[in-house]
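Spelled out, the chains give:
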Protein chains: 2
Amino acid sequence: MSPASEPAVLLLSGGMDSTTLLWHLRAEGRDLAVHTLSIDYGQRHRVELESAAALSARAGAASHRVLPLDPAAFVGTPLTDAGLDVPAASEDRQIDTVVPFRNLLFVTLAAACAEGLGATDLYIAPVRDDYEAYRDCRREFYDSLERTLRLGAARDAAFRIHTPFVERAKTEIVALGIGLKVPWELTHTCYTGRRPACGRCDACSERLAAFAANGAVDPLAYE
Amino acid sequence: MSPASEPAVLLLSGGMDSTTLLWHLRAEGRDLAVHTLSIDYGQRHRVELESAAALSARAGAASHRVLPLDPAAFVGTPLTDAGLDVPAASEDRQIDTVVPFRNLLFVTLAAACAEGLGATDLYIAPVRDDYEAYRDCRREFYDSLERTLRLGAARDAAFRIHTPFVERAKTEIVALGIGLKVPWELTHTCYTGRRPACGRCDACSERLAAFAANGAVDPLAYE
């Protein structure tokens, strides 16, 4: 990529959607220097971080970062004890429950990262199937966050949060990815974090159904 | 505090402003269960976290938490190396520079914490002196973030970000705190992180000036 490339930050989980977005940006032929960012938040399927690194290298990303975000943030566990009551809610130290404000935290970390890179374009890959379940996958949310970022930036900066797949179904993403020759075998989807993938969890089932709907075979290894 | 108290989350740095806000909430006589939250982001004046814990205990806070936020988030240091270029900006690993989106990250962490506690009221203590320098201390920013939180919450939740001091000057905060008998000797302000405080850094100078303007003497130990 030329030094004059426009820098951008892409949140890359290592799954199908963000990986297809990375290949989509490459294929567009725009002079973008895509810096990929993955978040290590103690997810059970932490192995997806290895996928994100391998995919970034394969795609020729300008850089790849993994930022840690302590899972304690999500479960509200008191990490200090000043002799105060420990709320009962904190007893439930499960990481794999709903992560409050996950995308808000992730995009904000991406924006903080972008400030250091002189970038204002952020890419994230929510798809239509997501926003039916998660409110922080709707475009309305990203519009509001975009405004919040612009108001909160150290300088008046025209941050943009790009969500090009927000109205697309998972099956469309697979169709697009097949056309873009996404190396599916490097991606990770299985929620259990197993490799080969379990093929039975919600995430695997959804993935396999999206390939089947395209009359295609997922090249990923399954148990 | 009675079990029926309304839960709220206060971002407590251990400095003058957030401590005065904690005492202000106590004095209001409302039936609030104030859970204090401090963020350990590798700040040079990390000793303020000890102040926050001591002040939470003294104030009878419902709980006190310290959440870690890895400083790498702020300096954009690549933590993994997949053979990719390391951007030049990442060479400058100083924590004490401007922290991009600090308040956005802090309030989002407070909101994530609040979800676990069943709280929707968040308190943070920017003052007028802050917002002249920092855009993320302006009420306009918090209005936008409040909307973003409501849109991004797992459920439709009426999050409120309270910034009661946003139009008050630091000298007014000291006046208010004196009236509320804030234990100033437990707070921490010095930017160098030293105890006794240096008395010369920007933060100490501003603090001493605010006491002087009130014709009062700061009981904190200075070198």
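Here goes a summary of the coordinates provided. Model, not experiment: these values are computed from the prediction.

Side note on the side chain of Asp218 of chain B
All names here are of chain B. Here Asp218 is to be found in the segment after α8 (202-213). In this structure the side chain of Asp218 is engaged in a polar contact, spanning 2.6 Å, whose partner is the side chain of Arg207. In terms of polar contacts, Asp218 uses its side chain to reach the backbone amide nitrogen of Leu220, at 3.0 Å.

Regarding the pairing of strand β2 (residues 32-40) of chain A
Residue and element names in this part refer to chain A. Of all nine residues in β2, nine are buried, a share of seventy percent or more. As paired elements, strand β1 (residues 6-11) and β2 share six bridges and run parallel to each other. Directly across from Ala8, in β2, lies its bridge partner Val34. Crossover handedness for the path β1 to helix α1 (residues 16-27) to β2: right-handed.

Brief notes about the packing of aromatic side chains
Taken as a whole, this structure holds eight aromatic pairs over all chains when the rule is applied. An angle of 70° between the planes, with centres 5.5 Å apart, marks the rings of Phe159 of chain A and Phe101 of chain B as edge-to-face. Taken together, the positions of Phe159 of chain A in the loop between α6 (139-152) and β5 (160-162) and Phe101 of chain B in the loop between α3 (72-75) and α4 (102-117) put the pair across two chains. The class for Phe159 of chain A is buried, based on a relative accessible area of 1%. The exposure class assigned to Phe101 of chain B is buried, which follows from its relative accessible area of 2%.

Parameters and conventions
- Residues numbered from 1 in each chain as written.
- Chains lettered and ligands numbered in written order.
- Predicted model: local features only at pLDDT ≥ 70, side-chain atom pairs only at ≥ 80, totals over all residues.
- Heavy atoms only, no water.
- Helix = DSSP H or I, 4+ residues; strand = E, 2+ residues; numbered from the N terminus.
- Polar contact = N/O pair within 3.5 Å; in protein donor to acceptor, adjacent residues only side chain to side chain.
- Buried < 20%, exposed > 50% of the residue type's maximum accessible area, 1.4 Å probe, protein only.
- Pairing = 2+ DSSP bridges.
- Right-handed = clockwise from strand over helix to strand, strands pointing away.
- Phe/Tyr/Trp six-rings, centres within 6.5 Å; stacked < 30°, edge-to-face > 60°.

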